[in-house]
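Residue-level structural notes
Below, each chain spelled out in residue letters.
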Amino acid sequence: MFFSAAIAIVPIARLIVQSTEHLATYTGDAIGGLLNATFGNAPELIIALVALKAGLVEMVRASIAGAILANLLLALGVAFFLGGLRFHTQTYQVGASRMYSSMMLIAAVSLMMPSAFSRFFAPNETLREEAMLNIGLAVVLLAAYVLYLVFMLKTHPEEFKSDSGGHDHEGPRWSKQRAIGGLVLASLLAAWMSEILVGAAEGTGKALGMSQVFIGIVFLAIVGGAAESGSAIAMATKNKLDLTVGIALGSCIQIALFIAPVLVIASYFIGPQPLELSFSRAETGSLFMAVLIGAFIAADGKSNWFKGVQLIAVYLVIALMFYFMPV
């Protein structure tokens, strides 16, 4: 059931890819990437909410970190690699890339704070102060995300405009209503498959000898993010790198600044215990290193196939570490 649900998400992801590509011809790359990240992250949010309700807090924390790693390293790496095989050098908006990178760095540092607090002051129990810190952090991150949207869509949209300027699409263009309808339909189907996926995840892990952390940080992250990852890769093969970067990095920002805080607040209402953003040393270290490496590689506004290899290699090293990590 686990792998059948995972495979079923692939054609759903393709519909999200097509809908986003057609919608971007009306809205531009910035809003198109934001819409793709939002609808593409719907399965991840559903997966996390279902897992929270089942009390799988450790898996939820791992899936948050894993989703960021999968988008920042794996999806962007595969997109750079396949795009670089078709085009010698691809370019994208430098200002937008730097803005995405700085937001990711701020988010990574913010997510490390509860982990450090828990490790030094409450390693074996949850203090009232730690719970208040998590709620306060959730509110600050949500406010930062709202202001980020205002900056991107209202006050400084020129910072995110494509260098090429055009958004031509081969073949007949879908109507705006059809593109939006496709996105909504695909998101609902992806959410349904995601719920089935979570139901079979724990049993799959036991059968294959995998820990909850590994399932959350690798399997659920890759499958839950299949929609936006597929979109980012498809746009790169069509030399639409601004849309690729907007989808992959925009999705990371949305997970860190919107989905993680929402899950913290929701856990007080639907879960048997509150969700604390106290990640393990391995998770925080991997997250921080991935953000630094991703920001460094994507900072110059140019990509080629070897940059993709570098990002994929970092992801595989991190995945191997979590696979062999003792429970």
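These figures come from a predicted structure and were not determined experimentally.

A closer look at the pattern of salt bridges
Once their charged atoms are close, side chains differing in charge can pair, the charge on each being opposite to the other. Applying the stated rule across the entire model yields one salt bridge. The salt bridge involving D300 is made with K307; its shortest N-O contact spans 2.6 Å. The class of K307 is buried, set by a relative accessible area of 12%.

Overview of the packing of helix α4 (residues 57-86) against helix α9 (residues 226-237)
Running from N to C, α4 and α9 cross one another at 25 degrees; their axes reach a closest spacing of 8 Å. As judged from the angle between their axes, α4 and α9 are roughly parallel. Between α4 and α9 lies a crossing whose hand is right-handed. Residue-level inspection shows N71, A75, V78, A79, L82, G83 and R86 of α4 in contact with α9, the latter providing E228, S229, A232, I233, A236 and T237. Across the contact of α4 with α9, the residue classes break down as seven nonpolar, four polar and two charged.

Looking at the side chain of D242
Tracing the sequence through the fold places D242 in helix α10 (residues 241-270). For the buried residue D242, which engages in no salt bridge, the nearest side chain bearing the opposite charge is K240, 11 Å off. In this structure the side chain of D242 is engaged in a polar contact, spanning 2.7 Å, whose partner is the backbone nitrogen of Q93.

A word on the packing of helix α5 (residues 94-121) against α10
The N-to-C vectors of α5 and α10 enclose an angle of 25 degrees; their axes lie 9 Å apart at closest approach. By the angle between their axes, α5 is roughly parallel relative to α10. When the axes of α5 and α10 are compared, the crossing they make is left-handed. Packed against α5, whose contacting residues are Y100, M103, M104, A107 and L111, the element α10 presents V245, G246, L249, G250, C252, I253, A256 and L257 at the interface. For the contact of α5 with α10, a count of residues per class yields eleven nonpolar, two polar and no charged.

Definitions and cut-offs
Per chain, the residues get numbers from 1 upward, laid out in the order the sequence is written. At least 70 in pLDDT is required for a residue's local features to be given in this predicted model, at least 80 for side-chain atom pairs to be given and counted, and no such filter applies to totals for whole chains, interfaces and linings, which use all residues. Computation of side-chain values covers all heavy atoms of the structure but excludes hydrogens and water. Salt bridges, as used here, are contacts in which a Lys or Arg side-chain nitrogen is within 4 Å of a carboxyl oxygen on Asp or Glu. Note on classification: 1.4 Å probe, protein chains only; a residue is buried when its accessible area is under 20% of the maximum for its type, exposed when over 50%, partly exposed between these limits. To obtain each axis, a line is fitted to C-alpha atoms, and for helices this fit is confined to the stretch in contact; angles are then taken between N-to-C directions over 0 to 180 degrees. The secondary structure listing takes helices from DSSP runs of H or I that are at least 4 residues long and strands from runs of E that are at least 2 residues long, numbered from the N terminus. When an angle is under 35 degrees it counts as roughly parallel; over 145 it counts as roughly antiparallel; between 65 and 115 it counts as roughly perpendicular; any other value is oblique. Handedness of a crossing follows from how the near helix is turned relative to the far one, being left-handed for an anticlockwise turn of less than a right angle and right-handed for a clockwise one. Contacts between residues were defined by any pair of non-hydrogen atoms, one from each residue, lying within 4.5 Å. In the scheme used here, Gly and all other residues not listed as nonpolar or charged are polar, with Ala, Val, Leu, Ile, Met, Phe, Trp, Tyr, Cys and Pro taken as nonpolar and Asp, Glu, Lys and Arg as charged. Positive: Lys, Arg. Negative: Asp, Glu. His and the chain ends are not part of the count. Nitrogen and oxygen atoms within 3.5 Å of one another constitute a polar contact, given that in protein one can donate a hydrogen and the other can accept it, and given that sequence-neighbouring residues count only through two side-chain atoms.

In short, the description is geometric, and any link to function would need to be established separately.
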